[in-house]
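Spelled out, the chains give:
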Amino acid sequence: MIALLGVALALTAAPQYVIHGDRTAGGIRVARSTPADVRKLFGAPSTSRVPTPQSCVQSWKRAGLTVHFFTFEGKPCSAGVALIVTVTGRTAWRTAVGLRVGDSAARLRTLYPGARLRTGFSGDSGYWLVTRRVCAEVGGGSYPGLLARMQNGRVSALVARSSVCD
C-alpha cells in the first residue's frame, strides 16, 4: 500500500525541467526550437505578442516560462527560433548543477564559483553563469549565455540565450 502511495505521489508531482548552460532549457533547444516545438513540450502559450516584425514573445504562466522567438523573415510566432528562454518558476526549473529561482546569492556562488555579477547591462544585469561572445558582424562583444537575474539577494529568473549569429 505504501509503495502504491509513493508511485501515485511521483506521478502527480510537478514536472522538473533542467537548464543545460545556454544550449537547452526543459527540452527547448536555444537557437533551434520553433514555436511549434515549444508548444509540443508545454502546450498552448498563455500569452503571445509581436513587439517587432522579427520577434515574438510567448509565455507559459503555469510553467513560469517566457520564450523570445526571432526570425529575419517570415512570421516570428510560427517561423522564429527560440533566442531567449527566461524561467521564473520556483520549483519546476533548475540548472544542471542545481541552481533554482529563489536560491540565495551565496548558493549561486557555491555552485558557480566563476560567475561574475555584472550590472548596468539593461536586461543582462545579474550573475553571468556562462559568458559567450557575439560574432564580429554585430560587434564581437560579450553576453551572458546563461544569466541569473537577482532581486533582494535571491535568484529571480534564469535566462538562457543565444545571439543572432549562432
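Residues numbered from 1 in each chain as written. Predicted model: local features only at pLDDT ≥ 70, side-chain atom pairs only at ≥ 80, totals over all residues. Heavy atoms only, no water.

K.L.:
Tell me about the sheet that holds strand β4 (residues 47–52), and name the residues and values.
P.N.:
Ordered by their spatial adjacency, eight strands build an open sheet running β4-β5-β6-β7-β12-β11-β10-β9, and the pairing between neighbours is antiparallel. At either end of the open sheet lies a strand with only one pairing partner, and these are β4 and β9 (116–118). If you compare each strand with its neighbour and ignore which way they point, the axes differ by 25 degrees on average. Two strands pair when backbone bridges link them, and strand β6 (residues 65–70) and strand β7 (residues 81–87) are joined in this way by six bridges, in the antiparallel orientation. (Pairing = 2+ DSSP bridges. Helix = DSSP H or I, 4+ residues; strand = E, 2+ residues; numbered from the N terminus. Axes fitted to C-alpha atoms, helices over the stretch in contact; angles between N-to-C directions.)

K.L.:
Tell me about the confidence of the model for the protein chain, residues and numbers included.
P.N.:
Mean pLDDT for the protein chain: 89, with 89% of residues reaching 70 or above. Low pLDDT (under 50) marks residues 7–11, which in the prediction has zero contacts with non-local residues, meaning those over four places away or in another chain. (pLDDT = per-residue confidence, 0-100. Contact = heavy atoms within 4.5 Å.)

K.L.:
Any details on the side chain of S162? Residues and values, ideally.
P.N.:
Of note, S162 is situated in the segment after β12 (154–161). In contact with S162, other than residues within four places in its own chain, are V30, A31, L83 and Y143.

K.L.:
Tell me what's going on with the state of the cysteines, and back it up with residues and numbers.
P.N.:
Across all of its chains, the model carries one disulfide by this definition. Disulfide pairing places C56 opposite C77 at an S-S distance of 2.0 Å. Handedness of the C56-C77 disulfide follows from its S-S torsion of about 95 degrees: it is right-handed. Of this pair, C56 sits in strand β5 (residues 55–60) while C77 sits in helix α3 (residues 76–79), and the two are 21 residues apart along the sequence. (Disulfide = S-S within 2.5 Å.)

K.L.:
Go over helix α2 (residues 35–42), please, and point to the residues and values.
P.N.:
Within the span of α2, buried status applies to P35, V38 and F42. Around the axis of α2, the buried residues are gathered within 60 degrees of arc, so they sit on the same side. Where α2 is buried, its residues contact β1 (17–20), β3 (28–29), β5, β6, α3 and β8 (93–95). Looking one or two residues past α2, G43 carries a phi angle of roughly 85 degrees, positive in sign. (Buried < 20%, exposed > 50% of the residue type's maximum accessible area, 1.4 Å probe, protein only. Arc of directions from axis to C-beta.)

K.L.:
Before we move on, could you go through the sheet that holds strand β2 (residues 24–25) and cite the residues and values that matter?
P.N.:
Read from one edge of the open sheet, four strands run β3-β2-β1-β8, paired in mixed fashion. Edge positions in the sheet fall to β3 and β8, since each of these pairs with one other strand and no more. Relative to β2, β1 runs antiparallel, the two sharing two bridges. Paired with I19 across the strands is A25, a residue of β2.

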